[in-house]
Every structure is written in structure tokens, then in C-alpha cells.
Amino acid sequence: FARAAGAQPEPDTQRQVTGQAAAHYGMHLASDGPILVIVEPETAEVLIHDIRQPRPEERLPPILVSRTGGRGRRLGLFRQPTGLSIDYERRSLLVCDTGNRRLHELTFRHDPDKEIEQDFEMVSAVRMLDFQQPAATGSTELPWSVKPIAATTREDGTLLVLDGANAMVHEYNPNWEYTRSLGGHGTNANQLEDPVDMALAPNGESLYITDRAGARVVRWPLGDGEAQILGAGVLKVPHGVAVGGDGRVYVSDSGAHRVLVFNQAGEEVARFGTRGLIRGSFDSPRGLVFNEAGELIVLDHANHRGIIVSPDGEYVDAFGPRSYIRPAQRPESFNEEDYSE
């Protein structure tokens with residue numbers, strides 16, 4: 001078919017033409033500045049969203065502007081992408097590739113002054129840390145090959161990688177040269193049983209790590225100080241962890257379908273969420289992250305959507321497949337029979 005006569009139509013730069021993302025978000029996300037990234041496990045890709053709000057009177061959902069990765073073994077390709085970390089100022093994105101036992105650093109371009117638009121060539125691969133190489137952990141002998149499941153970077157460029165196989169955190173200097181390891185399997189405050197996720201405190205002086213088998217969160221000082229345990233006897237199956245600007249610690253409990261909040265002393269100060277689809281409900285919530293507006297984004301994993309709430313747990317918005325966000329956006333029209341097996 002040929003295009004009919006007339007003026008060329010104006011292109012819609014926000015129209016999704018990169019292919020529809022699978023409805024099932026993964027368990028990991030990260031955000032910094034105007035960018036939100038989410039793992040898409042079925043395609044082994046990372047979905048990149050622009051979360052700017054150019055019109056305050058009309059809230060926009062996160063807009064998919066690019067995607068990167070795919071299944072493979074080369075730099076920039078993944079077998080099982082998991083933990084993410086993003087530094088918008090440096091335009092740097094870290095991706096833990098658990099399947100290949102690697103950590104990838106990607107760089108991306110983004111102009112915050114331009115209108116939101118798709119960019120098919122937004123991301124480029126920079127370097128890779130292969131944990132199957134002996135030099136990856138220096139002369140330190142480990143029982144198992146490092147399984148990277150989360151990563152973060154301190155202000156001075158120090159890289160921290162959470163190792164799910166050895167229940168440790170490995171530290172690297174800005175050149176990605178190994179310096180030391182923390183932790184190991186065990187039940188003490190300075191050990192882990194089954195780590196899942198980690199978050200850096202706002203001052204960069206300590207790490208919060210969710211320990212699924214131990215049903216707890218541990219706080220590890222990166223310098224002097226004592227380790228601390230949070231949520232013991234309260235959490236069922238902790239997964240994601242995020243730290244607010246005020247220092248409060250947010251933990252998703254996928255076993256109890258809720259989010260718990262702890263103060264810096266380790267005391268529970270709030271909880272929100274029940275199991276379900278309507279507003280205020282989750283089903284196996286996983287990853288947590290704060291956006292630049294100070295709102296908490298929750299990956300509502302089994303509900304195939306993302307939920308945005310205030311720091312106090314008040315509903316703000318939902319994004320994802322329309323049928324799954326409708327019960328949250330319009331709870332008055334929700335009919336449970338429409339979602340029954």
C-alpha cells in the first residue's frame with residue numbers, strides 16, 4: 001500500500017513502537033533522576049522509562065522510551081538480569097547478570113530538557129566484570145562462584161556487589177579492582193542466610209540487606225560500628241528494601257503481601273497493604289525504589305504492575321497492563337469475578 005496524498009502526519013514520539021513489553025514485570029527495578037529501569041525476565045531485557053511530569057495538572061505513567069539487553073553471552077547481553085543500579089548524573093546503569101555470573105556497566109544518553117521521546121540507540125555497553133574469572137575476587141577463595149544479585153555504588157565510586165551464592169558483599173574500588181568481602185553464611189548479625197536485595201543508606205555509610213531465609217533485614221556498617229537486625233519476628237518473606245531520605249527503611253514482605261517501615265533504631269513504625277488487586281493491595285510485592293519526587297514505587301509482582309505510593313503508603317498511581325491497573329485506579333468499578341480463574 002502507498003500512503004495517500006497529503007501532508008506527512010506528525011510523528012508521535014511517545015507512541016510505543018519498540019514492541020510490547022511482556023505483561024509480567026520482573027522483581028528488580030531502580031530509579032534516579034527522571035529515569036526508571038525495570039527488569040523484564042521473559043526477554044532478558046531492561047526496560048527504560050522516562051518518569052518526568054511535564055504537566056503537573058495531568059499525571060503521566062512511566063513512559064517506555066527504550067530497552068536494552070536480550071539473551072546472550074556478549075557484553076550488554078544477559079541470561080538472567082536481576083539487580084539494577086542507576087546513576088543519572090554519570091549516565092551509568094549497572095545490571096547484574098546472574099545467569100552469566102557477570103556485572104555489566106552500560107551508559108545511556110538522555111536530555112532532561114528535551115520532550116519525552118523514544119530513543120532506539122539510547123544505551124551503549126561500557127565494561128563487564130566476569131565473576132568466573134579468578135581475578136574477580138583477588139586471592140580470596142570462595143566456596144561457590146559469585147552469583148551477583150544486586151549492586152550499588154558509593155559516592156566515591158566504590159562498587160558493592162551482593163553475592164547470593166556465598167551470602168557476602170564484595171567491594172571493589174572505582175577501577176573495579178577487588179578490595180574485600182563482608183559476611184558469609186550464618187545467622188549472626190554480620191552473616192546472611194539467603195540474601196535477596198540491598199540498599200545503601202543516604203549517607204553511604206551502611207548497607208541494608210534483606211535476608212529471606214532469616215526473615216530479617218540486616219544493617220551492615222561499611223566502616224566502624226555494630227551490625228543491626230531489623231524485622232525479626234515480624235517479617236515473613238522479605239524481598240525488596242529501600243531507604244527514604246529521612247532514613248526510614250522500607251521492606252516489601254512478599255509472604256504477607258505488604259510493605260513494612262522501620263525507623264533508624266530498627267523499630268517498626270508503619271505497615272501498609274493487604275492481598276488483592278484493588279487500591280491499597282498487593283500480591284507478592286518485590287522490588288522497591290524511591291523516585292525523585294520522594295514517592296515509593298512498588299513492583300507488585302504477582303499482580304503484573306507497578307504501584308506508586310506516598311512515603312506513608314497512600315495510593316498515588318499504578319502502571320502496567322490496563323486490566324491490572326484498573327482495579328487500583330478505579331476501585332469502585334472492580335468486579336472480582338472478572339479476575340477469577
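As shown above, the structure is provided for reference.
Worth saying up front: this structure is predicted, and the values here are computed from it rather than measured.

Rules used throughout
Residues numbered from 1 in each chain as written. Predicted model: local features only at pLDDT ≥ 70, side-chain atom pairs only at ≥ 80, totals over all residues. Heavy atoms only, no water. Helix = DSSP H or I, 4+ residues; strand = E, 2+ residues; numbered from the N terminus. Buried < 20%, exposed > 50% of the residue type's maximum accessible area, 1.4 Å probe, protein only. Pairing = 2+ DSSP bridges. Salt bridge = Lys/Arg side-chain N within 4 Å of Asp/Glu carboxyl O. 1 Å grid on protein atoms, 1.4 Å probe; cavity = no way out; pocket = protein on both sides within 12 Å on 5 of 7 lines; lining within 4 Å. Points joined across faces, edges and corners; volume = space filled by probe spheres on them. Core = buried A, V, L, I, M, F, W, Y, C linked by side-chain atoms within 4.5 Å. Contact = heavy atoms within 4.5 Å.

Student: Before we go on, may I ask you to explain unusual backbone geometry in this structure?
Tutor: With glycine set apart, most residues show a phi of negative sign, and most peptide bonds adopt trans. The backbone of alanine 44 shows a phi angle near 55°, a positive value even though the residue is not glycine. Along the chain, alanine 44 falls in the loop between strand E2 (35-40) and strand E3 (45-50). Residue classification places alanine 44 among the buried residues on the basis of a relative accessible area of 0%.

Student: How should the pairing of strand E25 (residues 305-309) be read in this particular structure?
Tutor: Two faces make up the sheet, and in a regular strand the side chains alternate between them. For E25, the buried fraction is high: five of the five residues fall into the buried class. Sheet topology places strand E24 (residues 296-300) next to E25; five bridges connect them, and they run antiparallel. Across the sheet, aspartate 300 pairs through a bridge with arginine 305, a residue of E25. In textbook terms, the turn of a hairpin is the stretch between consecutive antiparallel strands, and for E24 and E25 this stretch comprises four residues, one of which, histidine 304, has a positive phi near 60°. Counting the residues between successive antiparallel strands, the hairpin from E25 to strand E26 (residues 315-319) contains five residues, one of them, glycine 313, with a positive phi of roughly 90°.

Student: What should I look at first to understand the pattern of salt bridges in this one?
Tutor: Side chains that differ in charge, positive against negative, can pair when their charged atoms come close. Scanning the model with the defined rule gives 19 salt bridges in all. Between arginine 109 and aspartate 119 there is a salt bridge; the shortest N-O distance is 2.8 Å. One end of the pair, arginine 109, is in the loop between strand E7 (102-108) and strand E8 (123-130); the other, aspartate 119, is in the loop between E7 and E8, with 10 residues separating them in the sequence. When the shortest N-O distance is used, the salt bridge between aspartate 300 and arginine 305 registers 2.8 Å.

Student: Sorry if this is basic, but what is going on with the layout of surface pockets here?
Tutor: Leftover empty space is mapped by rolling, across the atoms, a probe with the size of a water molecule. Size it by volume and the largest pocket reaches roughly 1300 Å³. Lining of the largest pocket is provided by 50 residues; of these, Ser85, Ile86, Thr152, Thr153 and Leu200 occupy positions nearest its centre. Elements represented by at least two residues in the lining of the largest pocket include exactly strand E1 (29-32), strand E5 (81-87), strand E6 (92-97), strand E9 (148-153), strand E13 (195-200), strand E17 (238-243) and strand E23 (285-290). If one sorts the elements of the lining of the largest pocket by residue count, E5 sits on top with five residues.

Student: Looking at this structure, I do not really get the nonpolar core. What am I missing?
Tutor: If you look at soluble globular proteins, the nonpolar side chains tend to sit buried side by side. Residues Ile35, Val37, Leu93 and Phe108 are the most contacted members of the largest nonpolar core, which totals 20 residues. Mapped by element, the contributors of at least two residues to this core are E2, E3, strand E4 (63-69), E5, E6 and E7. No other element matches the three residues that E2 contributes to this core. Discounting residues that sit within four places of it in the chain, phenylalanine 108 has contacts with Ile35, Ile86, Tyr88, Arg91, Ser92, Leu93, Met122 and Val123. If you look at the next biggest cluster of nonpolar residues, it comprises 15 residues, including Val261, Phe282, Val309 and Ile325.

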